[in-house]
Amino acid sequence: MSIAILGWGSLLWDLDDLAPKVRGGWQMRAGPRLPMEFSRISPKRKLGLVVCLDPENGVPCATHTIESTRAALSDTVADLAARERAPLERIGFVGEGRSHSRLLAVIDAVEAWLETSPYAAVVWTDLEPNFAEVRGEPFSVQRGMAYLQTLSGENWDEAYRYISEAPADTDTPLRRALAAQPWWHA
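Here is a short report on the structure shown in this document. (Residues numbered from 1 in each chain as written. Predicted model: local features only at pLDDT ≥ 70, side-chain atom pairs only at ≥ 80, totals over all residues. Heavy atoms only, no water.)

**Details of the overall build of the protein chain**
And step 1. Broken down by element type, the protein chain carries seven helices and nine strands.
And step 2. Taking the principal axes of the C-alpha coordinates as reference, the protein chain spans close to 50 × 30 × 25 Å.
And step 3. Every one of the 186 residues in the protein chain was classed for burial, and the buried ones make up 49%.
And step 4. Considering only contacts within the protein chain whose residues lie at least 6 apart along the sequence, 73% involve residues at least 24 apart. (Helix = DSSP H or I, 4+ residues; strand = E, 2+ residues; numbered from the N terminus. Buried < 20%, exposed > 50% of the residue type's maximum accessible area, 1.4 Å probe, protein only. Contact = heavy atoms within 4.5 Å.)

**Side note on the nonpolar core**
The tendency in soluble globular proteins is for nonpolar side chains to be buried as a group.
And step 1. One finds V122, W124 and L148 to be the most contacted residues of the largest nonpolar core, which totals 37 residues.
And step 2. Elements with a contribution of two residues or more to this core: β1 (3-7), β3 (34-42), β4 (48-53), α2 (104-116), β9 (121-125), α4 (141-150), α5 (153-165) and α6 (173-179).
And step 3. The residues contacting L148, other than those within four sequence positions of it, are L49, W156, A159, I163, L178, W183 and W184.
And step 4. Counting residues in hydrophobic clusters, the runner-up holds 17 residues, among them I66, A81, I91 and V123. (Core = buried A, V, L, I, M, F, W, Y, C linked by side-chain atoms within 4.5 Å.)

**Overview of the environment of H185**
And step 1. One can find H185 in helix α7 (residues 182-185).
And step 2. H185 sits 25 residues away from Y160 along the chain, and the two C-alpha atoms are 9.3 Å apart.
And step 3. Excluding its chain neighbours within four sequence positions, the residues that come into contact with H185 are L178 and A179.

**Notes on the layout of surface pockets**
And step 1. Estimated volume of the largest pocket: approximately 380 Å³.
And step 2. If you trace the largest pocket, you find 23 residues lining it, with R40, V50, E84, T125 and L127 closest to the centre.
And step 3. Of all elements in the fold, only β1, β3, β4 and α1 (73-84) reach the threshold of two or more residues within the lining of the largest pocket.
And step 4. Looking at the lining of the largest pocket, the element that brings in the most residues is β4, giving four residues.
And step 5. Here the lining of the largest pocket is composed, by residue class, of twelve nonpolar, five polar and six charged.
And step 6. Considering only enclosed or pocket space, the second largest pocket measures out at about 160 Å³ in volume.
And step 7. Together, S39, D54, E56, N57, P129, N130, F131, A132, E133, P138 and F139 line the second largest pocket.
And step 8. The dominant element in the lining of the second largest pocket, judged by the number of residues it contributes, is helix α3 (residues 131-135), at three residues.
And step 9. Class assignment of the residues belonging to the lining of the second largest pocket gives a composition of five nonpolar, three polar and three charged. (1 Å grid on protein atoms, 1.4 Å probe; cavity = no way out; pocket = protein on both sides within 12 Å on 5 of 7 lines; lining within 4 Å. Points joined across faces, edges and corners; volume = space filled by probe spheres on them. Nonpolar A, V, L, I, M, F, W, Y, C, P; charged D, E, K, R; others polar.)

**Some remarks on the pairing of β4**
And step 1. Counting buried residues along β4, six of its six residues qualify, which places the element largely inside the surrounding structure.
And step 2. Here β3 pairs with β4 via five bridges, running antiparallel. In the strand pairing of β4, R40 is matched with V50.
And step 3. Hairpin connection from β3 to β4: five residues lie between these consecutive antiparallel strands, with K46 at a positive phi of about 55 degrees. (Pairing = 2+ DSSP bridges.)

**Some remarks on unusual backbone geometry**
And step 1. Although it is not a glycine, R29 sits at a positive phi angle of roughly 60 degrees.
And step 2. The residue R29 is located in the loop between β2 (22-27) and β3 in this model.
And step 3. Positive phi, normally seen in glycine, also occurs at K46, with a value near 55 degrees.
And step 4. Within the element layout of this structure, K46 appears in the loop between β3 and β4.

**Details of the sheet that holds strand β6 (residues 64-68)**
And step 1. With respect to topology, six strands assemble into an open sheet ordered β2-β6-β1-β9-β7-β8, the strand pairing being mixed. The open sheet has two edge strands, β2 and β8 (98-100), and neither has a second partner. Averaged over neighbouring strand pairs, the angle between their axes works out to 20 degrees when direction is ignored.
And step 2. The pairing of strand β7 (residues 91-95) with β9 spans four bridges and is classified as antiparallel. Looking at the pairing, G92 lines up with W124 of β9. (Axes fitted to C-alpha atoms, helices over the stretch in contact; angles between N-to-C directions.)

Listed below in structure tokens is the structure:
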């Protein structure tokens, strides 16, 4: 059984311990379009904003695929969870007559894409936006930009690197707003 892993953020340039568990390179724009925004504050990325599935604040963006070397969906889910340092329940999947995600609309979009793809199953990172939880105020583009301006040193460097290195297809409202800000490019 051929299993795809969807990526859209740091997974594309940092497979980490997932590297020996995939084959081939990333197939850019080969996955379904899913709603994304840089609305998650990531401890792993030095408290920078990272892109996540966010239907409330995000817009449909391209996803990218890479093939797992695993034959079992459960093994691929566990592999991605280990790379993301996330609990198994935060890895979405469709395949083997089952599906799991915190977002029904994402399951629907992935199922529709899977029907025309060369894969039998697919997994993805299903971490939620946490800006409101961490900051105590709802995410907005203005609040996201203000938050980024509070970062300094290695936290700023990582936040800038992450947003800058995300594929151009990850064209979210925050990213568009940052492109127009002189302080972002300074």
